Amino acid sequence: MSHHRMLTIAALASLAAVAPLHAQSFPTDDPVIKHIYAIGMDSTDLYRQAHVLFDSLGPRLMGTPNLSRAQDWLVDTYKAFGIDAKKERFGTWRGWERGPSHIDLVSPRIRSLEGQMVGYSPGTNGKPQILPVVVLPRFADSTAFVAWLPKARGKLVMISAPMPTCRAQSQYTALGTEAEAAAMAKAVTESKTEWASARARAGEGASAGVRGTGYSAALGGGELGVRLEQGGAAGIITSRPKLTWSTGGNAGGRGGFGGGGAGSQGGVSAMEIFETYNLKTPAVALNCEDYGLVYRLADAGDAPQIRLDLDGKLLGEQPVFNVVATIPGTEKPNEYVVLSAHFDSWDGSSGATDNGTGTLTMLEAMRILKQVYPHPKRTIIAGHWSGEEEGEVGSKAFTEDHPEVIAGLQTVFNQDNGTGPIKSIGGGGMVDSPEHVTRWLSAIPTEWRDSLRTSLPGGPSGGGSDGYAFTCYGVPTTDLGSENWDYFSLTWHTERDTYDKVVFPALQYNATLTAMLVYEASEDPTMIPHQKIDLTAAAAGGRTRTWPTCEKAPRSTNPRLK
């Protein structure tokens, strides 16, 4: 690490000294709570750990060497803390390795394009390819699509809807006339509708498949990409810009449409980058501006050509693991408090806020607990899951492989929504969670407790994060919800999810708060009974709700994706 880099990290670390999250009022004389506070707020190593994880190790796509290297680092870090940790294998997944990639417009003019190949994309077999580009037309039905397929042979096919503007909504709201703003809002809404239908499976959404093909283009191309590949296309170009446009309400200017919210980016500022199912031909994602440029050239008959030089290697099925760290319980070793955060990420960026910050929260909480509370009453487990982005694969496998944890679970603390301070705590839909969670919160610093919103008893975790893998069993799951800090409008699943987006004072607070809650849950005189609320009775307005059903974890890649 260079001296300049060390100074930069030191400068960031100095922010903690002025963090407004520091509290001074303790409602308890418990020396352990005060010691957790002192260690967590005054002796953190989060800045260096974040640098290693986000800058040096980088993204952590399941099945990749990057994820394996990062897991080795995580195990070694735990062992340096004196905590037992291991990589626990649960299956295999398709492997892939990203190399350097370059995407350039070479005709009718020269421009290096902002974009990248998506996860699991094949490369160009060691040599650049210059390829013509065509736009996927609209089709009346799948028969028309099949008849058109020969025209795609040897060409890159643009499958996403272009945006009519990539300018921030706030510009139209503040500076445009009402008519200009309304017209642009309508155009953006129409493009968003087509973009949304491009993610829908056949028969769903605004059209039967993408533009009438009958195929899904979910994530990085989906079934449509595979079908185009089979039909002879040379690859696909996608674009999934972040959008905060809305046609509702006035946002304070003359524009006549709101959305985005306070602090929002207010328009397109990043692109979502996921995965492809293609096996032979590449899939690339372009940002909003460059996708629009190439789309307009192709649509106008200007015959654009793109030069691709992509190093991407499909590695076949590879073993995949969770990292599990354990501090054994003394009085009640067969009862468990679980810290939960997924370790994997998409490959478009560094996976800093999704879910590197959740990972570091749990890692730092464990470091604090090992120093302050080395002999807990109940066994404390930190689970760093793989494959959350593929459908909570690793956490589902863990719950299947460890029925003893489910049977003896006191609670799971799951965190997976960005870098801001934890502001909400849910009770997971357990009848008796209000009594227990309220007691735990009564011990934390007063200023912290007063800033938290509680949802007690709350409801079960939905799909989309690892809490779901536990809550479906009808066991206590405590979701720790953070302020989003433009999480959904900027960093979630995008190329902008990088080290600089981390709010370190908030991360330090989150780890310290989590350590306090884990300590209180471990010391609680009684277990939270595994008794679920009646969702039918709890439903508002007569809406029927049911408890989520556990889904079996896939232990290898779906055969159609290999």
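The structure this text deals with has already been given above.
Anyway, here's the lowdown on the structure attached to this text. Position numbers for residues start from 1 in each chain and track the written sequence from start to end. Residue-level local features of this predicted model are given only where pLDDT is at least 70; pairs of side-chain atoms are given and counted only at 80 or more, and the full residue set underlies all totals for whole chains, interfaces and linings. With hydrogens and water set aside, each side-chain value is computed from the structure's full complement of heavy atoms.

### Brief notes about unusual backbone geometry
Inference 1: Across the junction of Asp354 and Asn355, the peptide omega takes the value 0°, indicating a cis bond.
Inference 2: Elements are defined by DSSP. Helices are runs of H or I of four residues or more, strands are runs of E of two residues or more, and each kind is numbered from the N terminus. One can find Asn355 in helix α10 (residues 352-372).
Inference 3: Here Leu456 and Pro457 are connected by a cis peptide whose omega angle stands at 5°.
Inference 4: Locating Pro457 in the fold gives a position in the loop between β13 (453-455) and α15 (467-471).
Inference 5: With a phi angle near 65°, His493 is a residue other than glycine that sits in the positive phi range.
Inference 6: Classification of residues uses two cut-offs on accessible area relative to the type maximum, computed with a 1.4 Å probe and protein chains only: under 20% is buried, over 50% is exposed, and between them is partly exposed. Here His493 falls in the buried class, since its relative accessible area comes to 10%.

### Side note on helix α2 (residues 31-42)
Helical geometry note: an α-helix holds 3.6 residues per turn, so side chains three or four residues apart project in the same direction.
Inference 1: For a helix, the expected span equals 1.5 Å multiplied by the residue count minus one. Its 12 residues give α2 an end-to-end C-alpha distance of 16 Å, which sits within 8% of 16 Å, the value for a rise of 1.5 Å per residue.
Inference 2: Every buried residue of α2 is listed here: Val32, Ile33, Ile36, Tyr37, Ile39, Gly40 and Met41.
Inference 3: Contacts are assigned to residue pairs that have any heavy atoms within 4.5 Å of one another. The secondary structure elements touched by the buried residues of α2 are α10, α14 (446-450) and α17 (504-523).
Inference 4: By the criterion applied in these results, polar contacts are pairs of N or O atoms within 3.5 Å in which, for protein atoms, one can donate a hydrogen and the other can accept it, and in which residues neighboring in sequence qualify only through two side-chain atoms. In this structure Asp30 caps α2, since a side-chain oxygen of it lies 2.9 Å from the backbone nitrogen of Val32.

### Quick word on the side chain of Ser121
Inference 1: In this structure, Ser121 sits in the loop between β3 (115-117) and β4 (129-135).
Inference 2: The class for Ser121 is buried, based on a relative accessible area of 0%.
Inference 3: When sequence neighbours within four positions are dropped, the list of residues in contact with Ser121 reads Trp96, Thr276, Pro282, Ala283 and Gly312.

### Description of the packing of α2 against α10
Inference 1: Think of each axis as a best-fit line through the C-alpha atoms, taken over the contacting stretch in the case of a helix, with angles from 0 to 180 degrees between the N-to-C directions. Orientation of α2 relative to α10, taken along the N-to-C sense of each, is 130°, at an axis distance of 10 Å. Here α10 runs oblique to α2, going by the angle between their axes. Crossing geometry of α2 relative to α10 is assigned as right-handed. Across the interface between the two elements, Val32, His35, Ile36, Ile39 and Gly40 from α2 touch Arg367, Ile368, Leu369, Gln371 and Val372 from α10.
Inference 2: When its residues are assigned to classes, the contact of α2 with α10 shows six nonpolar, three polar and one charged. These descriptions rest on fixed angle ranges, namely under 35 degrees for roughly parallel, over 145 for roughly antiparallel, 65 to 115 for roughly perpendicular, and the rest for oblique. Each crossing gets its handedness from the near helix: less than a right angle anticlockwise from the far helix is left-handed, clockwise is right-handed. Gly counts as polar in this scheme, as do all residues outside two lists: the nonpolar Ala, Val, Leu, Ile, Met, Phe, Trp, Tyr, Cys and Pro, and the charged Asp, Glu, Lys and Arg.

### Points about the layout of surface pockets
Inference 1: Of the grid points, spaced at 1 Å and generated over the protein atoms alone, those admitting a 1.4 Å probe that cannot get out make up cavities, while open sets with protein on both sides within 12 Å along at least five of seven lines make up pockets; any residue with an atom within 4 Å of a point is treated as lining. Grid points are joined across faces, edges and corners, and a volume is the space filled by probe spheres set on the points. Space inside the second largest pocket adds up to approximately 290 Å³.
Inference 2: Lining the second largest pocket are 22 residues, with Asn414, Asp416, Asn417, Ser465 and Asp479 sitting closest to its centre.
Inference 3: Counting residues per element, the ones that place at least two in the lining of the second largest pocket are α15, β14 (477-482) and α16 (487-491).
Inference 4: Broken down by element, the lining of the second largest pocket gets its largest block of residues, three residues, from β14.
Inference 5: Taken together, the residues of the lining of the second largest pocket break down into five nonpolar, 12 polar and five charged.

### Structural notes on the packing of helix α3 (residues 46-57) against α17
Helix packing for two helices is described by the angle between their axes and how far apart those axes are.
Inference 1: At their nearest, the axes of α3 and α17 sit 11 Å apart, and the two run at 105° to each other. Put simply, α3 runs roughly perpendicular to α17. Across from Leu46, Tyr47 and Ala50 in α3, the residues of α17 making contact are Phe504, Pro505, Leu507 and Gln508.
Inference 2: For the contact of α3 with α17, the residue count by class is six nonpolar, one polar and no charged.

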